[in-house]
Amino acid sequence: GMGFGTMNKCVLIWNDPHAVKWPDNEWIELMTPKGENSGKWTTFFNPTKYKGIPVLVGFVGGDNARYMETQTDEEVIDDVMTNLKAMFPSITPPDRHVITRWGSDENVLGTYSYKIVGRHDGNDRKKLRKAVENIWFAGEATSSWYATTVGAFKTGEKAAKEMLKVLSSDATSVK
C-alpha cells in the first residue's frame, strides 16, 4: 500500500586539493529552466571539509534515477560534469567515482518508501515492523519517519532493544 522509489548518487573524488572550484557550501544546487536537465544531477552535497580531499556527491531521483541506471559510468559522469561545468567552468574531471544503481540492485530494487496520495499507510508500516518468531524488521519503510535515515536508525534501535529483551529473558530462563 505504499510507494517505493529510487534515488541514486554519483560520488566524485579528486586527488589534488587544488581541484576545488566550488564554494565551501555543504549543499550546491544548479537552477535550470524546466526542460531536459531539470532535476537531473542538479543537487550536490559537498563533504570536502569532512573528507580532507575534494569530493562532491550528486543526486538524481525518480524517473531520472531509473534512466541513469541504463547508462554506462562514462555517460553518467558526462551528464554530471555537464552540469558542474555550467556552474564551475574550470572544474576538471574527477580522479575516481562511485555510482549507485539501487533500483537495479537485485537485493534492494530501490531506496526509499513514500506515502501514496490519499492512503493512510500507518497500518502498513506497523505490519512491516511486526516481528515474526525470532525475526525482527527495521528500516525507513517501517517508520513514521519514512524515506529518512532517521527512520531507519530509530527502527533499528527499537528492534535491537526488543531482541535484547528476548535474549535476556532466554538467558535467565536457561539458568
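A quick note: this is a predicted structure, and the numbers were derived from the prediction, not measured.

I'd like to hear about the pairing of strand β2 (residues 7–13), residue by residue, with values.
A regular strand places its side chains so that they alternate between the two faces of the sheet. Two elements, β2 and strand β5 (residues 55–61), share 7 bridges in a ladder whose sense is antiparallel. Looking at β5, one finds that Asn8 is bridged to Val60. Strand direction decides the pairing type here: β2 and strand β6 (residues 96–99), joined by 4 bridges, are antiparallel. Across the sheet, the residue bridging to Val11 is Val98, located in β6.

Please provide a residue-by-residue account of a nonpolar patch on the surface, values included.
Residues Val132, Ile135 and Phe137 make up a contiguous nonpolar surface patch of about 260 Å² in total accessible area. Tracing the backbone through its elements, the reader meets Ile135 in the loop between α4 (122–128) and α5 (149–174).

Account for the side chain of Thr100, with residues named and values stated.
Note on placement: Thr100 falls in the loop between β6 and β7 (112–114). A polar contact of 3.0 Å, which involves the side chain of Thr100, links it to the side chain of Asn8. Looking at Thr100, its side chain comes within polar contact range of the main-chain nitrogen of Lys9, at 2.8 Å. For Thr100, the contacting residues outside a window of four places in its chain are Asn8, Lys9 and Met68.

Break down the pattern of salt bridges for me, citing the residues and quoting the values.
In total, this model carries 6 salt bridges according to the counting rule given. We note a salt bridge from Lys49 to Glu26, for which the minimum N-O separation is 3.7 Å. Placement of Lys49 in helix α1 (residues 48–51) and of Glu26 in the loop between β2 and β3 (27–29) is noted, with a sequence separation of 23 residues between them. A salt bridge links Asp63 to Arg66, with the nearest nitrogen and oxygen atoms 2.4 Å apart.

How each quantity is defined
Residues numbered from 1 in each chain as written. Predicted model: local features only at pLDDT ≥ 70, side-chain atom pairs only at ≥ 80, totals over all residues. Heavy atoms only, no water. Pairing = 2+ DSSP bridges. Helix = DSSP H or I, 4+ residues; strand = E, 2+ residues; numbered from the N terminus. Patch = residues over 30% accessible without salt bridge, like charges linked within 9 Å, V, L, I, M, F, W, Y side chains within 5 Å. Areas by Shrake-Rupley, 256 points an atom, 1.4 Å probe, with all protein chains shown as cover. Salt bridge = Lys/Arg side-chain N within 4 Å of Asp/Glu carboxyl O. Polar contact = N/O pair within 3.5 Å; in protein donor to acceptor, adjacent residues only side chain to side chain. Contact = heavy atoms within 4.5 Å.

Don't take any of this as a statement about function, it's just geometry.
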